[in-house]
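Structure at a glance
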Amino acid sequence: MSDNHVQIFDTTLRDGEQVPGCKLNTDQKLVIAEQLDQLGVDIIEAGFPVSSPGDFKSVEEISKIVKNATVCGLTRSVENDIKVAAEALKYAKTPRIHTGIGTSESHIKFKFKSTQEDVIDRAVKAVKYAKSFVESVEFYAEDAGRTDNEYLARVCEAVIKAGATVLNIPDTTGYCLPSEYGAKIKYLKENVKGIEKAVISCHCHNDLGLATANSIEGVINGARQIECTINGIGERAGNTALEEVVMILRQHPYLNLDTKINSEMLYGVSQLVSNSMGIYTQPNKAIVGANAFAHSSGIHQDGVIKNRETYEIIDPKDVGVTESAIVLTARSGRAALAYRAKNVGYELTKLQLDEVYAKFLEFADQKKEIDDSDIHQIVESTSVYNEIISS
């Protein structure tokens, strides 16, 4: 793997499914898993096998159909979790066990009522046991975002020595600022003995709206895997959005970092996940929202009509959207009306446009958005209608 390749670890089917009311059945998971595989994700976290018979079955069935991606199962640092995950992954072409334990003072003191040394011991035992089943073992240091860097480095060094091939550094609570998270990754790169033997992974939550920014800062500072979900769905405020990190890296080539994602599938996969889970994607969602390439301001519309790049940094076709949308509202100008009128068959002169535009404003003040049928009605109600259709 080249040093500028950022692996995409998709956890839509595991962390994404933790959203209340978004339970998927096995058949739905299989459809999504196939699309993720075609999309080009490197790792599909298929579920948490020990959590339920249904999750075990889903991980097992996904393992059978995925052709390219690594298939991953989540566990705690519990022997039975790991054994069950290994069983569920037995059909995978490339299996991975994702095991770990909380490392922050809060988790050690309140969740485990334990000590730092005991947590390291449990982490090492879990990794060694997972390694007895699969070659690819990922270790997560839960709440790494609030874990002291020196202690976190000790944990990482111990699990690498035990056989971990990937180190997941989660900002579990979405607390870190990008500069803090980037500095944490940099610290680990510079202070963990044997770090060159493992891939550092970013798993950032969006509680403060910083998941994507933190993940990007993580890879800039040396991480080479991003854990994310389609549409950024997930626990509480969600996870890093796959479509966002993919397009950020692609739009900033000077970073010399990229993924192997087929970006033209992004919108379609987004719609599939949204419909399957029954989660409404906010219209202003970056990259895949309904308004991501829609323009209603007259100033913006005029610029986009003249040259798309005046207000769009991404070609809609690059993410699977057919074209930009020029939305007619009371804020739209003459250029937008002329453009939309031409699309439905009216080539207006300047004088004709002046009259049609005046009538358009009357309509637009009464209706939030003007559609194609409204344009016909507007043109037909003007005194220049006959002149327009005869020209």
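Structural data are supplied above this passage.
Residues numbered from 1 in each chain as written. Predicted model: local features only at pLDDT ≥ 70, side-chain atom pairs only at ≥ 80, totals over all residues. Heavy atoms only, no water.

One non-glycine residue with positive phi stands out, namely Asn231, at about 65°. For Asn231, the location among the structural elements is in the loop between β8 (225–228) and α9 (242–251). For Asn256, which is not glycine, the phi dihedral falls at a positive 60°. Of note, Asn256 is situated in the loop between α9 and α10 (266–277). (Helix = DSSP H or I, 4+ residues; strand = E, 2+ residues; numbered from the N terminus.)

The next thing to look at is α10. With 12 residues, α10 extends 16 Å between its outermost C-alpha atoms, agreeing within 8% with the 16 Å of an ideal straight helix rising 1.5 Å per residue. For α10, the complete set of buried residues consists of Leu266, Val269, Ser270, Val273, Ser274, Ser276 and Met277. On the buried face of α10, the contacting elements are α1 (26–39) and α9. At the exit of α10 stands Gly278, carrying a positive phi of roughly 70°. (Expected span 1.5 Å × (residues − 1). Buried < 20%, exposed > 50% of the residue type's maximum accessible area, 1.4 Å probe, protein only. Contact = heavy atoms within 4.5 Å.)

For the structure on display, the rule yields two aromatic pairs. Plain terms: the ring middles of Tyr129 and Phe133 are 5.0 Å apart, the flat faces sit at 90° to each other, and that makes the pair edge-to-face. Residue Phe133 is classed as partly exposed on the basis of its relative accessible area of 39%. Looking at Lys64, its charged tip hangs above the ring of Tyr91, at a distance of 4.8 Å from the centre. (Phe/Tyr/Trp six-rings, centres within 6.5 Å; stacked < 30°, edge-to-face > 60°. Lys NZ or Arg CZ within 6 Å of the ring centre and 35° of its normal.)

Next up on the list: a positive patch on the surface. Residues Lys128, Lys161, Lys193 and Lys197 make up a contiguous surface patch of positive charge. Mapping Lys128 onto the fold places it in helix α5 (residues 116–131). (Patch = residues over 30% accessible without salt bridge, like charges linked within 9 Å, V, L, I, M, F, W, Y side chains within 5 Å. Areas by Shrake-Rupley, 256 points an atom, 1.4 Å probe, with all protein chains shown as cover. Salt bridge = Lys/Arg side-chain N within 4 Å of Asp/Glu carboxyl O. Lys, Arg positive; Asp, Glu negative; His and termini not counted. Charge placed at Lys NZ, Arg CZ, Asp CG, Glu CD.)

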